[in-house]
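Observations on the three-dimensional arrangement
One letter stands for each residue in the lines below.
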Amino acid sequence: MNCQEVQPFVSALHEGESVSREAADHIRNCSACRAQLEDYARMGVELRLLASSASEEVPTRLPHLPLRGRRWRPTLTARVLVPRFALGAGVFVILGLSVGLGWMRAQSGGLWFQFDLNNPATYARVGCLIQADDPAQGGFLSAGPHKQIGIRVKALDVHNDVVRLMVRTRVFEPGEPVPGSAEDKAASYQAAMGSREGIDRIFANTTPREFDYVPGRTLEIPVEGGGKILLTGAVFKLRPSFSAEWFPVTPKSDEVVLSKAALVRGSEFLGEVQGSGSAQATNSAFGICVPPVGAFVFALKPFEGAVQGVVEFGEARFKMDGYSYTLFSATPITGGQQPREIWVYRGQNCPPSWGPAPPHHIFGVGDVSNVLDALRK
Amino acid sequence: MATVEHEQELWERLRRGDTEAFAGFYRQHATHLQGFLRHYLGDAKAAEDVAQEAFLQLWRHPNGFNPARATLKAYLFGIAAKRAADWWRRCAREERAVASPQAGFRTDAATLMEDALARLEPEPRSLLWLREVEGYSCAELAVMLDIPPGTVKSRLFAAREQLRRIWRGEKPQEES
């Protein structure tokens, strides 16, 4: 191959895709092609720097928000009787709204806190992204060999040099809970990913603790009832595009990683899969929920009901029910020699605890037995 | 994981006409969107107008969004990209002169990149911005721009090469 022929592969490589051995050999040995690859990387950095400098400017106005379906002209020109006290209250509300809008503009573009939660006992990790005034909270439930750990993290305040966190943790002890009991409900931990009510219920009786986290360091968070969770993170001015930084781009051969994934069936885009995670276990696996098609469990070794597919860096390809599927991930799905086998199981439905309208999301990472268990809950 | 939940909840609130939820969404994305449009259109005022139009369209027609296909933010950027393309078609001749890089002494890397970017055609410029700055994947861009993923990849390659040539050509000789 010559440089001209290899050029598209340089772009593909920059995109994180795998390229043919022949193209890879050429790029490895050709200084011009390597320079092209480096230029692409530098251009990306320069563009992001350009965006960072431009983002200082706060948008100057909010759009007007007329009520949907309302005909404004007759409403605005119609005469209505308004009691004086109501008129006074209306003016007060308008003043309050003005102050509120001013405050909102001043707060525009808050800092982002991206962090990785890691259970060192199981090697399971997830990435989370939150803001100080964001109602979303980073959460993590890790199913280990002896116990399950749950953690919920909220950012009270985000600065460049310190992030104030409020953390709730708890342990789910092993053993069969009595069906229908409070412990049983708590043990339905997958509800944490399905509904806010589920999370609230699980962490209802835990004590919130505050931590001052210095970005770049590792914070060891003791878990009520035993165990610990490691938190590492960084503060960003702009919303980071994905959490690849927090997952190995060169995973080990017995490790699986999924971040910023999307599933395609034939030429049909089935959806983006939210959430990121990694696992290193006896048979490392992850499960994703992609309604209305169903739920898929991917594992590195064969397991009952699974079909054989192929994984090659950020792509996993498999055939099922007469369709060809491809799962794309922003980072390599596993390590070792590529392409290699991957085993895929499809369930008709997402975990029942996720309710009738489940999101496109990871529902479990860990050993395949844990992930299949999560699929049934 | 809670972010997705938040996204679903946000969409439901927008559909119900929740202005507070909309204001939050605006606050979160307006700066990014205007940054993207400013580089797409080369005109700060037009960028502001198109951004407002995009937000208003989302507000007025939230059911145009399909959560199975993209995120709300991607949907918003898709609306904005289409409106910006319309704007460009209407105003290209007059605005192109404004958007052209200014001749003169350039001192830093940011200026070089800004000028190089301004010399790209609008479509490759917006595609590169959405990929490199906003971080959308090829699959997401395909949905957002309504073109096949393979076309996204080939256009990205062409855009990168165009930008690279301009950028390299403008770079001063480095001291050895």
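Here the structure is shown first, and the text comes after it.
Throughout what follows, the structure given in this document is the object of discussion. (Residues numbered from 1 in each chain as written. Chains lettered and ligands numbered in written order. Predicted model: local features only at pLDDT ≥ 70, side-chain atom pairs only at ≥ 80, totals over all residues. Heavy atoms only, no water.)

**Observations regarding the overall build of chain B**
For chain B, the count of helices and strands is 8 helices and 0 strands. From first element to last, N terminus to C terminus, chain B shows the α and β order α-α-α-α-α-α-α-α. The buried share of chain B, reckoned over its 176 residues, is 57%. Taking all contacts inside chain B whose residues are at least 6 apart in sequence as the whole, residues at least 24 apart take part in 67%. Approximately 7900 Å² of chain B is accessible, and the part contributed by carbon and sulfur atoms is 48%. (Helix = DSSP H or I, 4+ residues; strand = E, 2+ residues; numbered from the N terminus. Buried < 20%, exposed > 50% of the residue type's maximum accessible area, 1.4 Å probe, protein only. Contact = heavy atoms within 4.5 Å. Areas by Shrake-Rupley, 256 points an atom, 1.4 Å probe, with all protein chains shown as cover.)

**Some points on the environment of A54 of chain B**
Its location among the elements puts A54 of chain B in helix α3 (residues 44-60). With near-sequence residues (within four places) excluded, A54 of chain B lies in contact with L33, L76, I79, A80 and R83 of chain B.

**Focus on the state of the cysteines**
Evaluated as defined, the whole model comprises 1 disulfide over all chains. The cysteine C30 of chain A is free of any disulfide, with C3 of chain A supplying the nearest cysteine sulfur at 3.5 Å. (Disulfide = S-S within 2.5 Å.)

**Quick look at the nonpolar core**
Membership of the largest hydrophobic core comes to 73 residues, with the highest contact counts inside it found for L33, F36, L37, L41 and L163 of chain B. Broken down by element, the residue count for this core peaks at 12 residues, all from helix α4 (residues 72-99) of chain B. In terms of nonpolar packing, the next biggest core, distinct from the first, is built from 25 residues, V290, F296, L300 and M320 of chain A among them. (Core = buried A, V, L, I, M, F, W, Y, C linked by side-chain atoms within 4.5 Å.)

**Side note on the sheet that holds strand β10 (residues 261-265) of chain A**
Hydrogen bonding along the main chain pairs the strands of a sheet, whether they run parallel or antiparallel. All names here are of chain A. Read from one edge to the other, the open sheet built from 9 strands follows the order β11-β10-β17-β16-β15-β18-β14-β13-β19, with strand pairing classed as antiparallel. Since the sheet does not close on itself, it has two edges, and those belong to β11 (268-273) and β19 (361-367), each with one partner. Pairwise comparison of adjacent strand axes, ignoring direction, gives a mean angle of 25 degrees for this sheet. Inspection of the sheet shows strand β13 (residues 284-290) paired to β19 by 6 bridges, in the antiparallel sense. (Pairing = 2+ DSSP bridges. Axes fitted to C-alpha atoms, helices over the stretch in contact; angles between N-to-C directions.)

**What about the pattern of salt bridges?**
Note that side chains of opposite charge can pair when their charged atoms are close. Enumeration over the complete set of coordinates arrives at 16 salt bridges over all chains. Salt bridges sharing partners connect three or more residues here, namely D39 of chain A together with E161, R164, R165 and R168 of chain B. (Salt bridge = Lys/Arg side-chain N within 4 Å of Asp/Glu carboxyl O.)

**Details of the packing of helix α1 (residues 3-14) of chain A against helix α2 (residues 21-29) of chain A**
Residue and element names in this part refer to chain A. Look at α1 against α2: their axes get within 10 Å of each other, and the N-to-C directions meet at 95 degrees. What the angle tells us is that α1 and α2 run roughly perpendicular. For the pair α1 and α2, the contacting residues are C3, V6, F9, V10 and L13 in the first and A23, H26 and I27 in the second. Here the residues of the contact of α1 with α2 sort into 7 nonpolar, 1 polar and no charged. (Parallel < 35°, antiparallel > 145°, perpendicular 65-115°, else oblique. Nonpolar A, V, L, I, M, F, W, Y, C, P; charged D, E, K, R; others polar.)

**A closer look at α2 of chain A**
The periodicity of an α-helix, 3.6 residues per turn, causes residues three or four positions apart to be oriented the same way. Residues and elements named next belong to chain A. Within α2, the full set of buried residues consists of A23, H26 and I27. Here the buried residues of α2 occupy an arc of 95 degrees about the axis, which is enough to place them on one side. Of the exposed residues in α2, the ones pointing more than 90 degrees away from its buried face are R21, R28 and N29. (Arc of directions from axis to C-beta.)

**Structural notes on helix α9 (residues 368-376) of chain A**
Residue and element names in this part refer to chain A. Those residues of α9 that sit buried are V368, V371, L372, A374 and L375. Burial along α9 is one-sided: seen end-on, the buried residues are contained in an arc of 155 degrees. Packed against the buried residues of α9 are β13, β14 (294-299), β18 (340-347) and β19.

**Some remarks on the packing of aromatic side chains**
Overall, the coordinates contain 16 aromatic pairs over all chains when judged by the stated rule. Taking 6.1 Å as the distance between ring centres and 85 degrees as the angle between the ring planes, the aromatic pair formed by F22 of chain B and F55 of chain B counts as edge-to-face. Of this pair, F22 of chain B sits in helix α2 (residues 19-41) while F55 of chain B sits in helix α3, and the two are 33 residues apart along the sequence. Site record: aromatic cluster; members linked through ring pairs are F286, F296, F298, F318, Y323 and Y325 of chain A. Sitting over the ring of W11 of chain B, R15 of chain B keeps its end group 4.5 Å from the ring centre. In this structure, R160 of chain B packs its charged tip against the face of Y40 of chain A, placed 5.7 Å from the ring centre. (Phe/Tyr/Trp six-rings, centres within 6.5 Å; stacked < 30°, edge-to-face > 60°. Lys NZ or Arg CZ within 6 Å of the ring centre and 35° of its normal.)

**What to know about the pairing of strand β1 (residues 112-119) of chain A**
Residues and elements named next belong to chain A. Burial of β1 is extensive: 8 of the 8 residues sit out of reach of the surface. Every second residue of β1 is oriented toward a common face, with W112, Q114, D116 and N118 on one face and F113, F115, L117 and N119 on the other, all of them buried. Sheet topology places β1 next to strand β8 (residues 228-236); 7 bridges connect them, and they run antiparallel. Each bridged residue has a counterpart across the sheet, and for F113 the counterpart in β8 is V235.

**A word on the packing of α2 of chain B against α3 of chain B**
All names here are of chain B. Between α2 and α3, whose axes approach to 8 Å, the crossing angle comes to 140 degrees. Crossing of α2 against α3: the hand is right-handed. Counted together, T19, F22, F25, Y26, H29, A30, L33, Q34, L37, R38 and L41 of α2 and A44, A46, A47, E48, V50, A51, Q52, A54, F55, L58 and W59 of α3 form the full contact between these two elements. Its residues assigned to classes, the contact of α2 with α3 comprises 16 nonpolar, 4 polar and 2 charged. (Left-handed = near helix turned anticlockwise from the far one by under 90°.)

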